[in-house]
Amino acid sequence: SADGGRNLSLDSIPMGLPMSDPTAWTTAMNNLGMAPMGMTGQPLLPDFDPALGMMTGIPPINPMMPGLGIVPPPIPPDMPAVKEIIHCKSCTLFPPNPHLPPPATRERPPGCKTVFVGGLPENGTEQIIMEVFEQCGEVIAIRKSKKNFCHIRFAEEFMVDKALYLSGYRIRLGSSTDKKDTGRLHVDFAQARDDLYEWECKQRMLAREERHRRRLEEERFRPPSPPPVVHYSDHECSVVAEKLKDDTKFLEAIQTLLTWIERGEVNRRTANNFYSMIQSANSHVRRLVNEKAAHEKEMEEAKEKFKLALSGILVQFEQIVAVYHSASKQKAWDHFTKAQRKNISVWCKQAEEIRNIHNDELMGIRREEEMEMSDEEIEDPPEMKETEESALVSQVEALKEENDSLRWQLDAYRNEVELLKQEQGKASRDEDTTKEQQMKLLQQALQGMQKHLLKVQDEYKKREAELEKVREDKLKIETLLENLKEQENSTSRVCACSQEKECPVEKTLSNSPVKSEREVLLVGIISTFLHVHPFGASIEYICSYLQRLDSKICTAEVEVLMTRLQNTFRQELSGVGASLEKRWKFCGFDGLKMT
C-alpha cells in the first residue's frame, strides 16, 4: 500500500530477505525485539536480551565516532540504531558499513527545512526521489539538477533529521547492476531563503507573544489608578471641609484640596473657603506630631524590652556554660562515659558560640546607643578653655585607663591559669611537661604584669604629687607677680636708670629674667610665633603650638616666663562682656627702644 511505502516500517524487512541468510534474519528479528529462532525452532542466540533491542555482539553506532571533525546528525528516536536494507517500489537502499565513520554534515542553519541530496543515480527521476524521501515526511518541493544532486524541502524541521538518517546508503534502481542505476546518497543541511524567512517570522511572532505576555503581567501587578478628583463646587467644597475635620478621611480630602489648588480653582470668590480648608489641614499638624512621638516612645520601649530580654537570655546562657564547665572538672568528669564526655564538650562549644553571638549583638546595641549619645554631645559642644592643669589631668586619666586595662589583663591571665589548672587533671602524662612550661611562662608573665602595675601606680602617685606642686607654684607665682607690680609702681624710672648706669653688667647677670638655655629657646620660639600673629594669641593657643614640639611644656611655665619679660611680651584684653579674652602680643621692637 501507499502508506506502507511512506513509512520506514521494519515489519516488512524480514519478509524480503532470504531465509538462507541467518545473520540478516537475526538482525531484523533483534530490531523487532523478538528472540531470533532457527528453522528448527531453536533460538539462534541463547544469550539474547529483548530489553537491548539489538543483537548481542554488534556495537551500536556512536554519533561521536572519529570522522572529519564535524558533529554528525543525531539519530531520530523512532529510527533503529542499526541501519538495515530499505525496500521501495522502484529501488532498494543498502546500508553503509557500520564500522565506517558516520558521514559529516555542515552546521545546521536556523529553521532548516531543506536538505541537499548528492550521489543520486544518473537515471534517477523525481518520482524515485519522492518515493525514497516521502517516507521521512511531507515533501513540499524538489529542485533537481541536471547533475546527480537535488534539494528537497520538507514541511517541518524534524523531517530533516529523518532524511539525514539516509545519508551514506547505497541506492540501486530495480535489480539493475548498471553504473548509471546506482549511487551513494549524501544528505546534508541546505541553506534556503524561504526557511530563514519563515524562521525569522516565527521568532518575531514568539517575541510579540512574549511582549504581550509581559505586558499582561505588568498590568496585572500594576497598582490600580487613583479615583478621579471631582471638580470644584460649593457643595463639594463643604463636603471636603467636613472630611478634613475627620481623621479617618483626612488623607482623601487633602489630596482633593491639593488637586484643586494646582488646577487653579483659587480666586477672590473662593479664597475664604480655601483658607478655611487650609486652616483645617493645619490643625492636624499637632496630631501628627503627637502620633510620631507616641510611635517613637513605643519604639524606645520595644528597644528597652528587647535589650532586657537579651540580657536575661545571656544570663541564662552564662549559667548553662557554667554548668558545662563545672561538669568538665575532674570530680564529675571521671564519672562520665566517653560518649557522654564528647556530647558535653560539643554542647559546651555550641553554647559558648551562641552566647558570644548574643553578647556581640548586645554590645552592638549598647555601642549604637553610645554613638547616638556622643553625636548629641557633638552637636552642642561646651565651650571650655584649657588651663595649665588640663595636660596633667589628661595624663592622670590616661594612667587610670592604663591601670584599669592592666587589671583586666591580670584578671584574664588569672582565668587562663585557672583553666590550665583544670585541664591538668584531664591531660595525659606526656602533656604534663608542656603544660608545666606554659604555667611557668604564664606565672612569669603574671609577675611581670604585677611589677608593671606597681610601676604604673608609683608613677600615678608621682604625677599627683607633681600636680599639687604645680598648683602651689602657681599660687606663689601669682603672689610674686602682685608684689613685683607693687614694687614697680613704687620705684621711679630715674632710680632705675641710675642703678642701670652704675652696674649694668652685674644687673644683667644677676637679675636676668631668662634663667636657662631652655627658657631662651622658648622665648625665641614664642617671639617667632607671635610675630606671625600680629593681633596676638591666647596662652592656650601658644601652648598647643609648643606642645607639638615638646609634650612636657606646661602652660604655667610659659605664662610665668612671658610675664617676666614685660618688654618683650605684652598681655591685652580684647572683647566685651562674656567674650572677654586675654591675648599676648610681641612688643620686642618697642621694648628695645625703651630699654
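Residues numbered from 1 in each chain as written. Predicted model: local features only at pLDDT ≥ 70, side-chain atom pairs only at ≥ 80, totals over all residues. Heavy atoms only, no water.

Side note on the pairing of strand S3 (residues 114-118)
Then, number 1: Counting buried residues along S3, 4 of its 5 residues qualify, which places the element largely inside the surrounding structure.
Then, number 2: Bridge count between S3 and strand S5 (residues 149-154): 5 bridges; the pairing is antiparallel. Bridge pairing in S5 links Val115 to Ile152.
Then, number 3: Relative to strand S8 (residues 186-189), S3 runs antiparallel, the two being bridged by 4 bridges. Bridge pairing in S8 places Gly118 opposite His186. (Buried < 20%, exposed > 50% of the residue type's maximum accessible area, 1.4 Å probe, protein only. Helix = DSSP H or I, 4+ residues; strand = E, 2+ residues; numbered from the N terminus. Pairing = 2+ DSSP bridges.)

Considering helix H16 (residues 517-532)
Then, number 1: With 16 residues, H16 ought to run about 22 Å at 1.5 Å a step, and its terminal C-alpha atoms sit 23 Å apart, in line with that.
Then, number 2: Within the span of H16, buried status applies to Glu519, Leu522, Val523, Ile526, Ser527, Phe529 and Leu530. Looking straight down H16, one finds that the buried residues subtend no more than 165° of arc, so they occupy a single side. Across from the buried face of H16, at angles greater than 90 degrees, the exposed residues are Glu517, Leu521, Thr528, His531 and Val532.
Then, number 3: Buried-residue contacts for H16 involve helix H17 (539-549), helix H18 (555-564), strand S9 (569-574) and strand S10 (581-586). (Expected span 1.5 Å × (residues − 1). Arc of directions from axis to C-beta. Contact = heavy atoms within 4.5 Å.)

A few points about the pattern of salt bridges
Then, number 1: Inspection of every chain in the model, using the stated rule, returns 22 salt bridges.
Then, number 2: Here Arg214 and Glu210 are joined by a salt bridge, their closest N and O atoms 3.2 Å apart. Taken together, the positions of Arg214 and Glu210, both in helix H5 (residues 193-221) and 4 residues apart, correspond to about one turn of that helix.
Then, number 3: Accessibility expressed as a relative area gives 52% for Arg214, which makes it exposed.
Then, number 4: Of the charged contacts, one joins Lys585 and Glu572 as a salt bridge, the two residues approaching to 3.1 Å between their closest N and O atoms. (Salt bridge = Lys/Arg side-chain N within 4 Å of Asp/Glu carboxyl O.)

A word on the nonpolar core
Then, number 1: With 31 residues, the main nonpolar core has Val117, Phe133, Ile152, Phe154 and Leu166 as its most contacted residues.
Then, number 2: Contributions of two or more residues to this core are made by strand S2 (91-94), S3, helix H3 (126-133), strand S4 (139-144), S5, helix H4 (158-164), strand S6 (170-173) and S8.
Then, number 3: If sequence neighbours within four positions are ignored, Phe154 has contacts with Lys113, Val115, Phe133, Cys136, Gly137, Glu138, Val139, Ile140, Met159, Val160 and Ala163.
Then, number 4: Core analysis: the second largest hydrophobic core is formed by 17 residues, Ala537, Val558, Met562 and Trp584 among them. (Core = buried A, V, L, I, M, F, W, Y, C linked by side-chain atoms within 4.5 Å.)

Overview of the UniProt feature "coiled-coil region" (unreviewed entry) in the protein chain
Then, number 1: Feature annotation in UniProt assigns "coiled-coil region" (unreviewed entry) to the following positions: residues 278-305 and 396-490.
Then, number 2: Taken end to end, residues 278-305 is 96% helix and 0% strand, and its first and last C-alpha atoms sit 41 Å apart. (UniProt positions renumbered as here; feature names shortened; annotations may be inferred.)

Brief notes about the packing of helix H6 (residues 234-245) against helix H7 (residues 250-263)
Then, number 1: Orientation of H6 relative to H7, taken along the N-to-C sense of each, is 135°, at an axis distance of 8 Å. Judged by the angle between their axes, H6 and H7 are oblique. By crossing handedness, the relation of H6 to H7 is classed as left-handed. Taken together, the residues of H7 that come into contact with H6 (itself represented by Glu236, Cys237, Val240, Lys243 and Leu244) are Phe250, Glu252, Ala253, Ile254, Thr256, Leu257 and Trp260. (Axes fitted to C-alpha atoms, helices over the stretch in contact; angles between N-to-C directions. Parallel < 35°, antiparallel > 145°, perpendicular 65-115°, else oblique. Left-handed = near helix turned anticlockwise from the far one by under 90°.)

Focus: a positive patch on the surface
Then, number 1: Taken together, Arg204, Arg208, Arg211 and Arg215 make up a surface patch of like positive charges.
Then, number 2: If you trace the backbone, Arg208 turns up in helix H5.
Then, number 3: Look at Arg208 and you get partly exposed, because its relative accessible area is 46%. (Patch = residues over 30% accessible without salt bridge, like charges linked within 9 Å, V, L, I, M, F, W, Y side chains within 5 Å. Areas by Shrake-Rupley, 256 points an atom, 1.4 Å probe, with all protein chains shown as cover. Lys, Arg positive; Asp, Glu negative; His and termini not counted. Charge placed at Lys NZ, Arg CZ, Asp CG, Glu CD.)

Some points on the sheet that holds S4
As a general point, the strands of a sheet are linked pairwise by backbone hydrogen bonds and lie either parallel or antiparallel.
Then, number 1: Spatial ordering of the open sheet is given by S4-S5-S3-S8, a layout of 4 strands whose pairing is antiparallel. The sheet is open, and its two edges are formed by S4 and S8, each paired on a single side. Direction aside, the axes of adjacent strands within the sheet are offset by 20° on average.
Then, number 2: The sheet contacts of H3 involve S3, S4, S5 and S8, and relative to S4 the element is tilted by about 140°.

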